[in-house]
Amino acid sequence: MDKRAAVVIGVDRTGELTVLEGCAAGAEAVARWLREEGFDTIELTDANDKVVTAAMVMQAVSTFVSAQIYHQLVLFFSGHGYWKNETELWLLSNAPKDANEAISWMETAEFAKDCGIPNVVLISDACRTIPQTKSATRVRGSIVFPNENFSTSRSKVDKFMAAAIGQPAYETKLAPEGTRTSVFTHCLLQAFREPDPESIDEVIYNGAPTFVVTNRKLGPMLQRRVPEVLAKINPTYAQDVDAEVLSDNDAYIARAKRPPVGAFPELGPAQQPSATLQEVAAVAVSMELGSEITISKRRLTRVQQLARQSGFDRKIDDAAVVTDVRHFETQTGFTVRGDTVVDVAATLGATVEILTDGGAGEPAVIRVNLNGRASSVGIRFGNGRATVLAALFGYIAHVTVKKNAVISVNYVPSENSFRWSSYADRRVEIEKLRAVSTAAARSGVFRLSDKNEAVAFAEKARVEKGIDPSLGLYASYAYLQADLRESIASVLDYMQSDLEVLVYDVALLAKHLALADESGQTIVPFCPMLTQGWNLLRSRGVVLQGTLDRAQDDLEPSLWTTFKEGSAAEIIEAIKKGEL
């Protein structure tokens, strides 16, 4: 019999934030349920005036990981959460005053892949709200899995998240006389106690047939049930469950209540769940890849309606913007729409010049004269923010700014570069794929789930012997989520061969030696271009100093790295002084 373990965390009181009522109690209920299912369980809650610290969580996780006898490990959290730098932070008792007293979701998931336990399940019942105070933005959190490689076999990490980007995870009274309860935790428990008939599978457990809800079927059930429960309480409440499952089809957390005799599997389907943003993105990407759409026409209509209603289609339109600037005599430069440009600076001996600042509704135009194949270029906008991007020889990067943030960067070959003819032949399909990928990434739901889809995407993204730089970045982050390491390495090889330099984000995801200055190769820019990359620095052993270290706590909530006013001028000045 496979041994299983769980670390269950519930925190009602976090610093001076609003006191929650159902997190500790909900965690206790989850812990009881898992113990009944045979899990070795460590329960950490702040009930009875206790505190929960990062060290306690780390010790609990390490206890199970170091034993190397478990087949599955569940890490459950209920409490306050932040959405910072495009990832989630679980806030513990002493946060935000202590910036380390939180759990860094993305980094924890990365370390979990090397823990040696075949299936790790991360369950987050936390808000994903944007931190608003300076102290809140400085919270970085801790990594609670050991920094060791326990096995050559990669762990398959499944993730269940209570809310979408920027949303709260509601707790409310589910009965007039009841106490406030977390809706997501309630639905999680009910998914096994009163499962949808079509969500049940039969497996052999202890030698006997047993009904279970597999991890792959749990996500869709939660995505239907949470909105249903909230709609009965307040129709204006929006909480969209997210799920990402990498485990095998037969992986499951617990047994499900057996349906009545004769009712399974002939029971009719439950009410079809509402479409999700994950489906919207998956369908949009599949259409651009020419893949078969396997959902019904009725379901497809729901997905297309949500694409319009959610603003996903508008994000595609935003990302499709490419200015009429087609070439520079230097073959390299930038255009900016949505704001003016007030200052620029470049590294590696490149010269950069603002030709037009972007006033009167026209795009800003920036010419770059490289001293080699690439450079890091800092661009400061009229709104006081700034970004740092790679200037790549032969490419014009078309930047779109909206609401104080860089929302898209489209790298297009200059018309006088050798890549142009190849790009022009496939321009329409590449730009459509880029716009859809940008919209999906902005929504936090861009995923390439298997090797076949990874190969298809890479082929569509090809330009000459390389890969479209923007699509290469998006693909690499999607491959990371799916743990397709060979696909990341392939993108790195294609881009390095074509560009003759390393692009920082791809090198970061591939754990390239250039990050530690051990290879002597040029890497641009000097920091992640996509905001979520900042959350992976520690997991790659990258230690930032001075200006950049401070700046990672001063980023706008945006897909592409956008420094707030406090750091923007400092970054540009540091480039000019040769400090970056």
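Residues numbered from 1 in each chain as written. Predicted model: local features only at pLDDT ≥ 70, side-chain atom pairs only at ≥ 80, totals over all residues. Heavy atoms only, no water.

Draft legend 1. How the structure looks around the pairing of strand β11 (residues 201-205). Taken together, the five bridges between β11 and strand β12 (residues 208-214) define a ladder with antiparallel strand orientation. Across the sheet, residue E202 finds its bridge partner in β12, namely F211. Linking β11 to β12, which pair antiparallel, is a turn of two residues; within it N206 sits at a positive phi near 55 degrees. (Pairing = 2+ DSSP bridges. Helix = DSSP H or I, 4+ residues; strand = E, 2+ residues; numbered from the N terminus.)

Draft legend 2. Main features of the packing of aromatic side chains. Scanning the model with the defined rule gives 11 aromatic pairs in all. Centroid distance Y395 to Y411: 6.3 Å. Interplanar angle 85 degrees. Geometry classified as edge-to-face. Here Y395, found in strand β21 (residues 395-402), pairs with Y411, found in strand β22 (residues 405-413); they are 16 residues apart in sequence, far enough to count as distant. Both residues of the pair, Y395 and Y411, count as buried. An angle of 55 degrees between the planes, with centres 5.6 Å apart, marks the rings of F446 and F457 as tilted. Of this pair, F446 sits in the loop between α11 (427-442) and α12 (451-460) while F457 sits in helix α12, and the two are 11 residues apart along the sequence. Relative accessible area serves as the criterion here: at 6%, F446 is assigned to the buried category. (Phe/Tyr/Trp six-rings, centres within 6.5 Å; stacked < 30°, edge-to-face > 60°. Buried < 20%, exposed > 50% of the residue type's maximum accessible area, 1.4 Å probe, protein only.)

Draft legend 3. Geometry of the nonpolar core. One finds F334, Y479 and W560 to be the most contacted residues of the largest nonpolar core, which totals 108 residues. Formed by 37 residues, the second largest nonpolar core is a distinct cluster that contains A31, F184, V213 and V226. (Core = buried A, V, L, I, M, F, W, Y, C linked by side-chain atoms within 4.5 Å.)

Draft legend 4. Seen up close, the pattern of salt bridges. If you walk through the whole model with that rule in mind, you get 41 salt bridges. Among the ionic pairs, D549 bridges to R140, the shortest N-O distance being 3.1 Å. Note that D549 is positioned in helix α16 (residues 546-551) and R140 in the loop between α4 (134-137) and β8 (156-161), a separation of 409 residues in sequence. We classify D549 as partly exposed; its relative accessible area is 25%. On the basis of relative accessibility, which here comes to 27%, the residue R140 falls in the partly exposed class. Notably, a salt bridge pairs R385 with E556, separated by 2.8 Å at the nearest N-O pair. Of this pair, R385 sits in the loop between β19 (374-381) and β20 (386-392) while E556 sits in the loop between α16 and α17 (565-576), and the two are 171 residues apart along the sequence. (Salt bridge = Lys/Arg side-chain N within 4 Å of Asp/Glu carboxyl O.)

These figures come from the coordinates and say nothing about function on their own.
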